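Structural description and commentary
Single-letter residue listing:
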Amino acid sequence: MNCQHVGTLKVLSKLNQDKSDAVIALAGNPNTGKSTVFNGLTGLKQHTGNWPGKTVVLAKGNYRYRNKIITLVDLPGTYSLLANSADEQVARDFICFGNPEATIVVVDATCLERNLNLVLQVIEITPRAILCVNLIDEAKRKGIVIDFPKLEALLGIPVVPTAARDKVGLAALKESLHQVVFEHKQLQPLSIRYQERIEVAVATIQREIEPFLRGKINSRWVALRLLDGDTTLITEILNYISGTGPDSWEQGSNELKAVKCYE
Amino acid sequence: MGYAEITLTALPIGQQARVVNVGMQGLTRNRLLDLGLVPSSLVKAVRKSPGGDPVAYKVRGAIIALRSEESRLITVWPLD
Amino acid sequence: MSNEENCFQGIVAQAQTAGAEVGPVRDQLVLDLYRQTQEIARQVVKRQGKKEDFDHKIDDFVTSKYFGYPLMLTLLSLILWLTVSGANYPSQLLSNLLFGFGSHLTAFCQWLKAPDWLHGILVLGLYRCMAWVISVMLPPMAIFFPLFTFLEELGYLPRVAFNLDRGFKRAGAHGKQVLTMCMGFGCNAAGVTACRIIESPRERLIATLTNNFVPCNGRFPTLIAMAAIFLSALVGTANNLLTTGLVVGVVVFGILVTLLISRLLSQTLLKGVPSTFTLELPPYRWPKMGTLLIRSVLDRTLFVLVRAVVVAAPAGMIIWILANVYIGEVSIIGHLGGFLQGFGYLLGLDGYIILAFLLGLPANEIVIPILIMSYLSEGVMVEPSSIEDLHRLLVANGWTWLTALNMMLFSLLHFPCATTLLTIRKETQSLKWTVLAALIPTGVAILVCFLVAQLARACGLV
Ligand SMILES: Nc1nc2c(ncn2[C@@H]2O[C@H](COP(=O)(O)OP(=O)(O)OP(=O)(O)O)[C@@H](O)[C@H]2O)c(=O)[nH]1
Ligand SMILES: [Mg+2]
């Protein structure tokens, strides 16, 4: 059943043909308001709904900020990027092989601990990540207070609080994104450490795999995945570094449905 | 106190517990791990559905419903 | 390249051995990740006051043993009642307006001295069919969609899935199938796409093949009209309350059929063990009413309506031609209707009804307009502009309460519309499942209608 989801790279190659200065991925747990952020930024009308799994079709949209055209890709919500499901694979492949200029991770301010799990997994893949802490209005209502400067310091990536439905914080989000993408703001994301045994094994694999990746993919992350026995990644990597995609990706191109469609 | 390990299914509503073991393999296991149900994390049984199954648990701030097929394979250590 | 690939595979194998030596890698990775998130959250998140939130209290009620199911039924009834009673007047108004304008068009054609056939195709065919679809479809949708979107944005749907999961587990299906059914109320094609939230291919197929048993918005007006006609034929009156009750009954029957067929499928064609079920129950979020109204009317209502009108226009023309081109003494539509008459009678319907369902394949919305036009072509009566007129037209064509009842059942259970079938084709990538998705419901519809008709006739009820 994975066939319908293998379109990620194809989608990207399509995106690059469009007149766009940067492609940005919107990732996050289900139901955190990704589509709402997407709508708020692009002015499009992706359907939203308060249940996990509302968005199942990749959608893209543009907006202009400071004379740059930004393309946003609304990814399906996932709990992790460890590729347990087709959705997670789509999100992972897009962030990893789709070369988005940056990835916005949208998290739920009322459930930060669980959501941060995905954030850590994203910054493990790419340093160009921005954290959008959404639903701050709900957090406020529930008496949850978040120390944003501290969060930013701990994670080492820009953190923007938003209430996307009321368009609160979206201007700051655009500006933050602009700085990361076009002003090459240096980010130093938190480096995630594992137990000694794992670190030792990873270091060895990383050394050997390095030459194959030619600097295109984060070698530590690949080493971690291989140690984890993630076989879904192997063919993707081979294709990515050789720069070709199998024909099967053709099929997936309809994945990128026009946003105007019903659902 | 005098509690012993029980399965998550046996955890009474309203009670908290610490996860001891997630006793299944493969995809199901990974799924639960990703939701934050890892050994040593806190869970609380929140409510039963009208038919008694599934049961909703609070895990790391989120409410997650599990069927008894899954919850009976998870062992926990009840807390007061 | 292949040399490089071999090298790469070598490293992969090596990594796997290393992984096996380290122990359960995934566990340790996830544990370490969560250890770190826990630490970060501890440092940055503070809670003030209010311990148990309001959500908890609402959920105690919404998922309670005694109130859980009645509440779902009440909400369903309430939505349908508001739709039925609210749509009545605006439908009438629209219909007067549009058909009034239709007479002007006719006058205009006469003034132009346009040939009869042109006037027939354009005004009596195309325009009237569109007018029917708009006046019958628009008001109920404009009421239903905002109400439904309200529940969706509030966060009620996952609770419905939580409450009903037990039934779906017994049927060997996935609890999230309920969410796909909820989407199906709006549009079955959307419901089929929503099936992607079910990971297990087996359970996803079950949800896909049975989504059609939830009546979509295109079928609600049919169900409502038929319920009213059934009631006035049987009890003499049809008030909004009774009509709503009957439609709710039909919807519940559809859910029961869904469970039954899901169960049969998982015991035969789609055998297998249930997969994992994990469903997050998100906190309730009070919707923003302004945006909700605008979006649900503009995006959902108009989208579905435009799609229906686009289909209705050519369908209207074709039907008019079929009804006005004669082979011998009888129009083409008469021949077709006559040909299907025997089969229709077996199901408690008639040949024209079967024909209307077949021709209505592109969109369920056009079934009733087609039916009316075929009856009108027999020259029995003038254009019906209210439910009473419609009732008279149908009775004049031999309808009884049984016809109305079976029309409801057939509409609820029959093959999905073309858009939905295409979506199923796209989602399953398989012709076989697409064909089954049309055959299974049709089989059920035929069986149920046949049994009801035979039973009613055997008992001498009609
Ligand atoms: N109160 C409040 N509600 C919000 C906010 N942002 C989004 N929501 C609501 O949260 C719910 C989920 O929003 P979506 O945008 O559909 O979430 P998503 O992340 O796209 O969800 P999936 O597609 O299921 O992964 C919807 O009901 C939104 O109306 C916000 O800032 N404040
Ligand atoms: Mg979404």
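Use the structure listed above.
Residues numbered from 1 in each chain as written. Chains lettered and ligands numbered in written order. Predicted model: local features only at pLDDT ≥ 70, side-chain atom pairs only at ≥ 80, totals over all residues. Heavy atoms only, no water.

Bringing the sheet that holds strand E4 (residues 55–59) of chain B into the picture now. Spatial ordering of the open sheet is given by E1(B)-E6(B)-E2(B)-E3(B)-E4(B)-E5(B)-E2(C), a layout of seven strands whose pairing is antiparallel. In the strand order of this sheet, the two ends are held by strand E1 (6–7) of chain B together with strand E2 (278–280) of chain C, each with one partner. Alignment of strand E2 (residues 16–22) of chain B against strand E6 (residues 74–78) of chain B, held across five bridges, turns out to be antiparallel. Bridge assignment links Val19 of chain B to a residue of E6 of chain B, and that residue is Val76 of chain B. (Pairing = 2+ DSSP bridges. Helix = DSSP H or I, 4+ residues; strand = E, 2+ residues; numbered from the N terminus.)

Here the structure, examined in full by the defined rule, presents 25 salt bridges over all chains. A salt bridge links Asp166 of chain A to Lys288 of chain C; its shortest N-O distance comes to 3.0 Å. Highlighted residues: Asp166 of chain A in the loop between strand E7 (159–161) and helix H7 (170–182) and Lys288 of chain C in the loop between E2 and helix H12 (289–324), drawn from two different chains. Overall, the relative accessible area of 36% leaves Asp166 of chain A in the partly exposed class. In this structure Lys288 of chain C comes out as partly exposed when scored by relative accessible area, which is 32%. The shortest N-O distance in the salt bridge between Arg47 of chain B and Asp60 of chain C comes to 2.7 Å. Here Asp60 of chain C lies in helix H3 (residues 54–62) and Arg47 of chain B lies in strand E3 (residues 42–48), a pairing that spans two chains. Given a relative accessible area of 5%, Arg47 of chain B falls into the buried group. (Salt bridge = Lys/Arg side-chain N within 4 Å of Asp/Glu carboxyl O. Buried < 20%, exposed > 50% of the residue type's maximum accessible area, 1.4 Å probe, protein only.)

As a further point, take the interface of chain B and chain A. With nine residues of chain B at the contact, the number on the chain A side is ten residues. Each partner contributes to the roughly 860 Å² buried at the junction of chain B and chain A, and carbon and sulfur atoms together form 46% of this total. Of all residues in chain B, Arg31, Asp34 and Arg60 of chain B bury the most surface against chain A, accounting for 61% of the area lost on that side. Seen at the junction of chain B and chain A, the total is two salt bridges. One salt bridge connects Arg31 of chain B with Glu88 of chain A, and the closest N-O pair in it is separated by 2.8 Å. The tally of links from chain B across to chain A stands at three residue pairs in polar contact (both at pLDDT 80 or more). Only helix H1 (26–34) and strand E5 (62–66) of chain B provide two or more residues apiece to the side of chain B that touches chain A. Among the elements that take part in the side of chain B that touches chain A, H1 of chain B stands out by supplying four residues, more than any other. Its residues assigned to classes, the side of chain B that touches chain A shows four nonpolar, two polar and three charged. (Contact = heavy atoms within 4.5 Å. Buried area = accessible area lost by both parts, 1.4 Å probe. Polar contact = N/O pair within 3.5 Å; in protein donor to acceptor, adjacent residues only side chain to side chain. Nonpolar A, V, L, I, M, F, W, Y, C, P; charged D, E, K, R; others polar.)

Residues and elements named next belong to chain C. Contact pair helix H10 (residues 220–234) / helix H17 (residues 401–413): the axes reach a minimum separation of 8 Å and the direction vectors enclose 155 degrees. As far as their axial angle goes, H17 and H10 are roughly antiparallel. Considering how the two elements wind past one another, H10 and H17 form a crossing that is left-handed. Along the contact surface, H10 presents Thr222, Leu223, Met226, Ala227, Ile229, Phe230, Ala233 and Leu234, while H17 presents Trp401, Ala404, Leu405, Met407, Met408 and Ser411. Classifying every residue of the contact of H10 with H17 gives twelve nonpolar, two polar and no charged. (Axes fitted to C-alpha atoms, helices over the stretch in contact; angles between N-to-C directions. Parallel < 35°, antiparallel > 145°, perpendicular 65-115°, else oblique. Left-handed = near helix turned anticlockwise from the far one by under 90°.)

These figures capture arrangement, not role.
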